[in-house]
Amino acid sequence: MKNIDQKRRGFIRVAALFSTVPFIDAITKRGELLAGTIAKFSTKLVENGEVLTAAHWGMLKLTIKNGKVVKSEPYQKTSDIENSLQYYTQDLVYADDRIKYPMVRKSYLENPDNPKPELRGNDEWVKVPYEKAIKLIAKELKKTRKEKGAKGVFAGSYGWKSSGNMHNARVLLQRFMTATGGFTGTVGDYSTGASQVIMPHVLGTLEVYEQQTSWPLVLEHSKVVVIWGANPLATLKIAWTSTDENGFKYFEKLKKSGKKIICIDPFKTETCEYLDAQWVAPNPNTDVAMMMGMVHTLLEAKKYNADFLADYTEGFDKFKEYIYGKDDGIVKNVQWASKICGVDEKTIKELATLFYDNRTMLMSGWGMQRAHHGEQPHWMLVTLASVLGQIGLPGGGFGLSYHYSNGGVPSAKSAIVGGITANVTPSKDEGGAAWLKNAAKYSFPVARIADALLNPGKTIDFNGKKVTYPEIDFIYWVGGNPLVHHQDTNTLLKAWQKPRTVVVNEAFWTPTARMADIVMPATTSYERNDITMTGDYSNLNIVPMKQAVKKQFEARDDYQIFSDLSKEFGVFDKYTQNKTDLQWVEEFYTKAYNQAQKMKLSMPTFREFWGKNKPITFDVPYENTQFTRYADFREDPILNPLGTPSGRIEIYSKTIEKMNYKDCKAHPAWLEPAEWVGMKEKPAEFALISPHPSHRLHSQLNNTSLRKKYAVANREPIWINTKDAKAKGIKDGDIVRVFNERGQILTGAIVTDGLKEGIVRVQEGAWYDPLEKGKIGTLCKNGSANLLTKDIPTSELADGNSSNTALVNIEKYTKAAPELTIFTQPN
Ligand SMILES: Nc1nc2c(c(=O)[nH]1)N[C@H]1C(S)=C(S)[C@@H](COP(=O)(O)OP(=O)(O)OC[C@H]3O[C@@H](n4cnc5c(=O)[nH]c(N)nc54)[C@H](O)[C@@H]3O)O[C@H]1N2
Ligand SMILES: Nc1nc2c(c(=O)[nH]1)N[C@H]1C(S)=C(S)[C@@H](COP(=O)(O)OP(=O)(O)OC[C@H]3O[C@@H](n4cnc5c(=O)[nH]c(N)nc54)[C@H](O)[C@@H]3O)O[C@H]1N2
Ligand SMILES: [Mo]
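Residues numbered from 1 in each chain as written. Chains lettered and ligands numbered in written order. Predicted model: local features only at pLDDT ≥ 70, side-chain atom pairs only at ≥ 80, totals over all residues. Heavy atoms only, no water.

The chain has the name Molybdopterin guanine dinucleotide-containing S/N-oxide reductase in an unreviewed UniProt entry, where Arcobacter nitrofigilis is given as its organism. Under the UniProt heading Sequence similarities (unreviewed entry), the entry covering the chain gives this text: "Belongs to the prokaryotic molybdopterin-containing oxidoreductase family." (UniProt positions renumbered as here; feature names shortened; annotations may be inferred.)

Have a look at this one:
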């Protein structure tokens, strides 16, 4: 996961601010940390009034009455675009499915050495005192480390934990694990698993998590804007830190600009509707073929920038031979492309010419790289952009992050707040960078988790290296929901039975919490003090995240849980550095404060800032509104080379050639996906796409009343093309069973012309709700898409997830509709 400014986030050690104040040992004995009494200013909770806080979905204004949150609203409005996620804080805090107490699975409690892992998900829960749970976790963790070594403990713990630089659940877990002997972790992420590995070979940088050519320049110079497999109206509702919502403002301006806008997506997204854009609908996983048809068109019409290709790229000649079919005898022309992608020849040709004749910005999302051979689409997009030759010109070229965390919103001149680190003695550049930096000594590509659990000792290829899976016997997961986020849930369920122990800290009884042995009740971010910045790329604001309400039931902060566990290992001082959470928050703030002094920016003292309950907003210097990505490279490719071996854009990569992979060649290629609509012997009828949900953050908020606004027949919606629905006798609002050899789910039908024929759409993130508890293969009543997706790596290069590569069948469900049981307390 990502914070783009991590490179700038040198960790500056600040002397312990309260080092003279002895840390009170009552930390475990009281439900709450003693921040209030130690930091000598009021941290009394507001009984009646308003509290500012922040979530991934933006700055929020909470109304508190008699000590309870009664209302949640946006703190600011930057445009007319609605952010539906901002109104449900009270539903989260007081959810019916809050985890109230530490809970242990009965069989595990009876005998942790023979814990009957097959009963996970279908055992009784036993309430245990907090101290007992802490002692149990510590004892079993020590046992596993002794028997299996540090490698046997998995703490990769991928997920979108809450915003906040202090209560960063995954980092807190890994900090504990590093302080006590190590763990197996992961590399990469689910978001851009393929692109973040291929792009460094092509452009010498991650590309997907970097600042884009600024929006003001796009509005001024672009004539054509292409939104290629992206749905920014949905995905800009959130950011990795907290959204600044200025992305919305610019999409509103784009709408008003009257520019030619094209959305290339199998689904006519809300973005496409909102912008009133031309809709072009390719089959899933086939954009590479369409782009090749465009390149062939441009070469034939002599409409390409030969100078750009010669001066700024490497290996185009070899790629051209491929386009003309030198080795395989297949010319990648529009006839060929159209047959694969299902877009008519005329449209492909017209688009290619339109792009060449006008200053064109190709804005791409990430959905198309979350697919088998997902390395190819963005590599091919960069190749197409090179043929057009507008990279490095204002408003031209491509951008891989306009749809995410406000990419393209000009960066402010801001001081950067520090954050808790996974290493107790952090390396110089670790602050906030926990995601691609690897605190673990051992790791494997993140989306190979089920494969790793099932096949200890197996060696796989990964980006030119070999990786051998360890034998995992202990899983500790915080801040993520793998039973919903990972592909092919039934295979994961099998894999999940392998380890002896599974511990989960959660605020809610998620499918993952239900599959654990020991569950620790976590606070939500509204029950503790924290701090965040907004925007990821823009860094516009510093926001206090003040505790709004008291900790619910016996919920504890992850920080407290790991502090208490640290005590069992004798590393409490090392872990906490004798600081409360609020003292850490002050330290993180002070880091920015000191930076600000050097930068001649004015910032209040921490005390003032915390007392005011208002964000600090930084100014945006004019030059940042004039940023053009790759302008330097374009101006002088010798003085400003890219970080690739040739210093240029590698359309042909000798590094990848040497790896000699069948499923990722040395140049972009059309490689048939394992399952797609055009394949010869289709195992099922329809292609399934599972994009990111408009009204959730993944699985987060599925357990709130927001669900009522989008659920159909009280389950996750499925979008079906009108003709397909008719052929299957399915009507709007019907319950539909979606199934394949991997799994089955129930969904509610939305019949539409806004989806290409032959494709169905179920958004990821609905909580897995098994009809028969603990039974692998049973029906999911709520409609979690990952019961149906395929758990195969994108290729041996990146090993990313392939969630958009799957075929499914659909049928009208005529049996009595089973009630959902996932949003209430378990037995
Ligand atoms: N089919 C399909 N699958 C996908 C995708 C797709 O496109 N299609 N997308 C993938 C992508 S890109 C991603 S990023 C993943 C996302 O997958 P996840 O990040 O696992 O999804 P979330 O639902 O955000 O899970 C976060 C969990 O953390 C919990 N949490 C929040 N705050 C705290 C805290 O302070 N402490 C603790 N202990 N817990 C906390 C929340 O309650 C929630 O259950 O899904 C992936 N899966
Ligand atoms: N509201 C909300 N916002 C979010 C998230 C969320 O869960 N909810 N998740 C956040 C995270 S972690 C991430 S990684 C990003 C994800 O950002 P993206 O990966 O860009 O989001 P997706 O919705 O998976 O995909 C974008 C679009 O790609 C289309 N698509 C799928 N397959 C193909 C294809 O083969 N070709 C073409 N042309 N289009 C295709 C989908 O229909 C969808 O409209 O979003 C972030 N923003
Ligand atoms: Mo993601």
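**Student:** Got a minute to help me understand the overall build of the chain in this structure?
**Tutor:** A tally of helices and strands in the chain yields 29 helices and 29 strands. By its C-alpha atoms, the chain is 75 × 65 × 50 Å across when sized along the principal axes. Within the chain, counting contacts between residues at least 6 apart in sequence, those at least 24 apart form 77% of the total. Within the structure as shown, the chain displays about 28,600 Å² of accessible surface, and the carbon and sulfur contribution to it stands at 49%. Looking at charge distribution, the chain has the averaged site of its 107 positive side-chain charges lying 3 Å from that of its 93 negative ones. (Helix = DSSP H or I, 4+ residues; strand = E, 2+ residues; numbered from the N terminus. Contact = heavy atoms within 4.5 Å. Areas by Shrake-Rupley, 256 points an atom, 1.4 Å probe, with all protein chains shown as cover. Lys, Arg positive; Asp, Glu negative; His and termini not counted. Charge placed at Lys NZ, Arg CZ, Asp CG, Glu CD.)

**Student:** How should I be thinking about the UniProt feature "domain: Molybdopterin dinucleotide-binding" (unreviewed entry) in the chain in this particular structure?
**Tutor:** UniProt's entry tags residues 686-805 with the feature "domain: Molybdopterin dinucleotide-binding" (unreviewed entry), counted in the numbering of this structure. Across residues 686-805, helical content stands at 8% and strand content at 22%; the span's end C-alpha atoms are separated by 11 Å.

**Student:** Can you walk me through the site of ligand 2 in this structure?
**Tutor:** In the region of ligand 2, 34 residues are neighbours, and Asp265, Asn285, Asp287, Arg370 and Arg696 sit closest. Taking glycine 367, its main chain carries an N or O atom lying 3.1 Å from an oxygen atom of ligand 2. Histidine 403 is positioned such that a nitrogen or oxygen atom in its side chain is 3.3 Å from an oxygen atom of ligand 2. Relative to its unbound accessible surface of 920 Å², ligand 2 loses 99% to contact with the protein. For the shell around ligand 2, the residue count by class is 16 nonpolar, 13 polar and five charged. There are two domains that each give the shell around ligand 2 at least three residues, and those are domain 3 (195-411 + 631-659) and domain 4 (686-812). (Near = heavy atom within 4 Å. Polar contact = N/O pair within 3.5 Å; in protein donor to acceptor, adjacent residues only side chain to side chain. Nonpolar A, V, L, I, M, F, W, Y, C, P; charged D, E, K, R; others polar. Domains from an automatic or database assignment.)

**Student:** Explain the UniProt feature "domain: Molybdopterin oxidoreductase N-terminal" (unreviewed entry) in the chain to me, please; I cannot follow it from the model alone.
**Tutor:** Here the UniProt-annotated "domain: Molybdopterin oxidoreductase N-terminal" (unreviewed entry) positions come out as residues 53-94. Secondary structure within residues 53-94 divides into 12% helix and 43% strand; the distance between the first and last C-alpha atoms comes to 17 Å.

**Student:** What is the right way to read the pattern of salt bridges from this model?
**Tutor:** Close approach of charged atoms lets side chains of opposite charge pair. One pass over the structure, following the stated rule, counts 37 salt bridges. One salt bridge connects lysine 326 with glutamate 321, and the closest N-O pair in it is separated by 3.9 Å. Through salt bridges with shared partners, one network takes in Arg105, Arg120, Asp123 and Asp517. (Salt bridge = Lys/Arg side-chain N within 4 Å of Asp/Glu carboxyl O.)

**Student:** I keep staring at the packing of helix 11 (residues 287-300) against helix 16 (residues 375-388) and nothing clicks. Help me out?
**Tutor:** Helix packing for two helices is described by the angle between their axes and how far apart those axes are. The contact between helix 11 and helix 16 brings their axes to 9 Å, and the two run at 15°. Here helix 11 lies roughly parallel to helix 16, going by the angle between them. In the packing of helix 11 onto helix 16, the handedness of the crossing is left-handed. Residue-level contacts link Val288, Met291, Met292, Met294, Val295 and Leu298 of helix 11 to Gln376, Pro377, Met380, Leu381, Leu384, Val387 and Leu388 of helix 16. Here the contact of helix 11 with helix 16 is composed, by residue class, of 12 nonpolar, one polar and no charged. (Axes fitted to C-alpha atoms, helices over the stretch in contact; angles between N-to-C directions. Parallel < 35°, antiparallel > 145°, perpendicular 65-115°, else oblique. Left-handed = near helix turned anticlockwise from the far one by under 90°.)

**Student:** Is there a simple way to think about the packing of aromatic side chains in this case?
**Tutor:** Each aromatic ring pair is described using two quantities: the centre-to-centre distance and the angle formed by the ring planes. Enumeration over the complete set of coordinates arrives at 32 aromatic pairs. When the centroid spacing of 5.2 Å and the interplanar angle of 50° are considered together, the rings of tryptophan 767 and phenylalanine 823 count as tilted. Here tryptophan 767, found in the loop between strand 28 (759-761) and strand 29 (807-812), pairs with phenylalanine 823, found in the segment after strand 29; they are 56 residues apart in sequence, far enough to count as distant. This pair shows no difference in class: tryptophan 767 is buried, exactly as phenylalanine 823 is. Over the face of the ring belonging to tyrosine 101 we find lysine 127, whose NZ or CZ atom lies 3.9 Å from the ring centre. Between the NZ or CZ atom of arginine 175 and the centre of the ring of tyrosine 575, over which it lies, the distance is 5.5 Å. (Phe/Tyr/Trp six-rings, centres within 6.5 Å; stacked < 30°, edge-to-face > 60°. Buried < 20%, exposed > 50% of the residue type's maximum accessible area, 1.4 Å probe, protein only. Lys NZ or Arg CZ within 6 Å of the ring centre and 35° of its normal.)

**Student:** Could you clarify how one ought to interpret the environment of lysine 146 in this entry?
**Tutor:** As for its position among the elements, lysine 146 is in helix 4 (residues 130-148). Classification of lysine 146 as exposed rests on a relative accessible area of 77%. Along the sequence, lysine 146 and isoleucine 348 sit 202 residues apart, while their C-alpha atoms lie 61 Å from each other.

**Student:** Quick question: what am I supposed to make of the pairing of strand 3 (residues 68-74) here?
**Tutor:** Along any regular strand the residues' side chains alternate between the sheet's two faces. One ladder, built from six bridges, connects strand 2 (residues 58-65) with strand 3; its direction is antiparallel. By the bridge assignment, leucine 60 is partnered in strand 3 with proline 74. (Pairing = 2+ DSSP bridges.)

**Student:** Help me understand the site of ligand 1 in this model?
**Tutor:** Taken together, 32 residues are adjacent to ligand 1, and Ser162, His485, Glu506, Asp558 and Ser699 come closest. Taking arginine 370, its side chain carries an N or O atom lying 3.2 Å from an oxygen atom of ligand 1. Here an oxygen atom of ligand 1 and a side-chain polar atom of glutamine 700 are 2.7 Å apart. Protein chains shield 98% of the accessible area of ligand 1, which is 920 Å² for the free molecule. In terms of residue class, the shell around ligand 1 is built from eight nonpolar, 18 polar and six charged. Among the domains, domain 2 (103-188 + 413-617) and domain 4 (686-812) are the pair contributing at least three residues each to the shell around ligand 1.

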